[in-house]
Amino acid sequence: MFAPELYGELRPRAFAIAYRMLGSVSEAEDVVQEAFLRMHQTLQRDEPIASPRAYIATLATRLAIDQLRSARVRRESYVGEWLPEPLVTGPTPADHAETADSLSLAFLVLLESLSPRQRAAFLLREVFDYPYREIAEILGTDVDSARHLVARARSHLGKRRPRYHASRRQREELAQSFFAAAQNGDLRALEALLAQDVALHGDGGGKVPALGRPVGGRDRVAQTVVRGFSVYAHHGVRIHLTEVNGQPGALAYDAQDKLVGVMELGIAEGRIQTIHSINNPDKLHHLDQVSDLGIRVRTGRRSGGDS
């Protein structure tokens, strides 16, 4: 048996690795639980663990690699665009800005283009700053192969990795202006906040109304956002600004204070570059009680809250 304080110390890193590997809160939680179960079993057999921190990181990474391989098969048949499960995060200190960027939904989606082992090596090196020797041990390979995995990942990602460098005040002001303009239906004000090549992504999982494919361009995105918020207003949905995956965002609640959806804004160079909207109920249960509003809108049903 290991002390609760050891669990408290090791769990955050294990979850951080697993979540960035999988883009799923529920699957990451399963990986962490299994990793600690295996560690507990090892200790019960009186087998020595020289470094619990390295041991749990190794278990979490290897289990996440296995989980990701099976998850990708399921994602191939996913209805509409697949987006990661969102996290509501707290204010991020400036010295943790790089780690916050690695939580962004845009970054997690980009990582989907890597192989599981490339993804693991890249995250361990670029996000968690593990030396190549430790990466090699975690992945069960040699140092040269670990370096090669990271180099291939860097080459594949190229310059596409999002870097949302903006002050916290600037991000908050842009987010407040965005959601105010969206709720007011002010197209001109909304367009002024968007980058020319802004992209809007939506995930409904085939269960609630959502975009079938990403929408690009300032005009089209602004119009799509206004239409969506008009539907929200019709059903009495309120918006609560917060931080989502290390970026400015909002939670949408229905008239019964149940969660309808989550939105995250990617901000750089004084403009909103990406918008991710997640309304699939299956991806919201870990955050709060989930509304059936989207399902009712999709099927044309009404309830007392909408009558």
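Keep in mind it's a predicted model, so treat the numbers as computed, not measured. Along every chain, residues carry numbers that run from 1 in the direction the sequence is written. Owing to the predicted nature of the model, reporting of local features is limited to residues with pLDDT of at least 70; listing and counting of side-chain atom pairs is limited to 80 or more, with chain, interface and lining totals taken over all residues. Each side-chain value is worked out from all heavy atoms of the structure, with water and hydrogens disregarded.

Enquirer: Even after reading the chapter, I still don't get the pattern of salt bridges, so can you show me in this structure?
Expert: Side chains bearing opposite charge may pair, as long as their charged atoms lie close to each other. One speaks of a salt bridge when a side-chain nitrogen belonging to Lys or Arg is within 4 Å of a carboxyl oxygen belonging to Asp or Glu. Tallied over the full model, the rule gives 18 salt bridges. With its nearest N and O atoms 4.0 Å apart, the salt bridge here joins R133 to E134. A 1.4 Å probe rolled over the protein chains alone gives each residue an accessible area, and that area as a share of the maximum for its type sets the label: buried under 20%, exposed over 50%, partly exposed in between. By relative accessible area, which is 48% here, R133 ends up partly exposed. For the salt bridge of D257 with R238, the shortest nitrogen-to-oxygen distance reads 3.1 Å. Taken together, the positions of D257 in the loop between β5 (247-253) and β6 (259-268) and R238 in strand β4 (residues 238-244) put the pair 19 residues apart, joining distant regions of the chain. You can call D257 partly exposed: its relative accessible area is 44%. A residue is classified by how much of its surface remains accessible, and R238, at 39% relative accessible area, is partly exposed. Among the charged side chains, a network of salt bridges with common partners joins E27, R74, R75, E112 and R119. Comment: elements are numbered from the N terminus, with helices defined as DSSP H or I runs of at least four residues and strands as E runs of at least two.

Enquirer: When you look at the side chain of S24 in this model, what are you seeing that I'm missing?
Expert: Position of S24 relative to the elements: it lies in the loop between α1 (4-22) and α2 (25-44). Under the relative-accessibility criterion, S24 is labelled buried at 4%. Between N or O atoms, a polar contact is any pair within 3.5 Å; within protein, one atom must be a potential hydrogen donor and the other a potential acceptor, and residues adjacent in sequence are included only when both atoms are from side chains. From its side chain, S24 meets the backbone nitrogen of E27 in a polar contact 3.1 Å long. We call two residues in contact when some of their heavy atoms are within 4.5 Å. Look past the residues within four positions of S24 in its chain and what remains in contact with it is Y19 and E85.

Enquirer: What should I look at first to understand α2 in this one?
Expert: Each α-helix turn comprises 3.6 residues. Residues three or four places apart therefore point the same way. A helix's residues, less one, multiplied by 1.5 Å, set its expected span. In this model α2 runs 28 Å from its N-terminal to its C-terminal C-alpha over 20 residues, within 8% of the 28 Å that 1.5 Å per residue would give. On its buried face, α2 is in contact with α1 and α3 (52-75). Positioned one or two residues after α2, D46 has a phi angle of 60°, which is positive.

Enquirer: What is the right way to look at the confidence of the model for the chain in this model?
Expert: Note that predicted coordinates carrying low pLDDT should not be read in detail. For every residue, the predictor states its confidence as a pLDDT score lying anywhere from 0 to 100. This prediction gives the chain a mean pLDDT of 91; 93% of its residues lie at or above 70. Helix α7 (residues 132-139) holds the highest mean pLDDT among the elements of the chain, 98, whereas helix α4 (residues 97-101) holds the lowest, 62. Between residues 303-307, whose pLDDT stays under 50, and residues either more than four places distant or in other chains, the model counts 6 contacts.

Enquirer: I keep staring at the layout of surface pockets and nothing clicks. Help me out?
Expert: Gaps left between atoms show up when a probe the size of a water molecule is rolled over them. Method remark: on a 1 Å grid restricted to protein atoms, a set of points is classed as a cavity if a 1.4 Å probe fits but cannot get out and as a pocket if it is open with protein on both sides within 12 Å along at least five of seven lines; lining residues have an atom within 4 Å of a point. Grid points are joined across faces, edges and corners, and a volume is the space filled by probe spheres set on the points. The computed volume of the largest pocket comes to approximately 550 Å³. Among the secondary structure elements, those contributing two or more residues to the lining of the largest pocket are β2 (194-203), α11 (218-234), β6 and α12 (293-299). The element that contributes the greatest number of residues to the lining of the largest pocket is α11, accounting for 7 residues. When its residues are assigned to classes, the lining of the largest pocket shows 14 nonpolar, 8 polar and 1 charged. Each residue receives one of three labels: charged for Asp, Glu, Lys and Arg, nonpolar for Ala, Val, Leu, Ile, Met, Phe, Trp, Tyr, Cys and Pro, and polar for the others, Gly being one of them.

Enquirer: Help me understand empty space enclosed by the protein in this model?
Expert: Enumeration according to the criterion identifies 2 cavities of 30 Å³ or more in this entry. In this structure, the largest cavity encloses a volume near 60 Å³. Forming the walls of the largest cavity are 13 residues, and the residues nearest its centre are Y232, A250, A252, V262 and M263. At the level of secondary structure, the elements contributing two or more residues to the lining of the largest cavity comprise α11, β5, β6 and β7 (271-278). Taken together, the residues of the lining of the largest cavity sort by class into 10 nonpolar, 3 polar and no charged.

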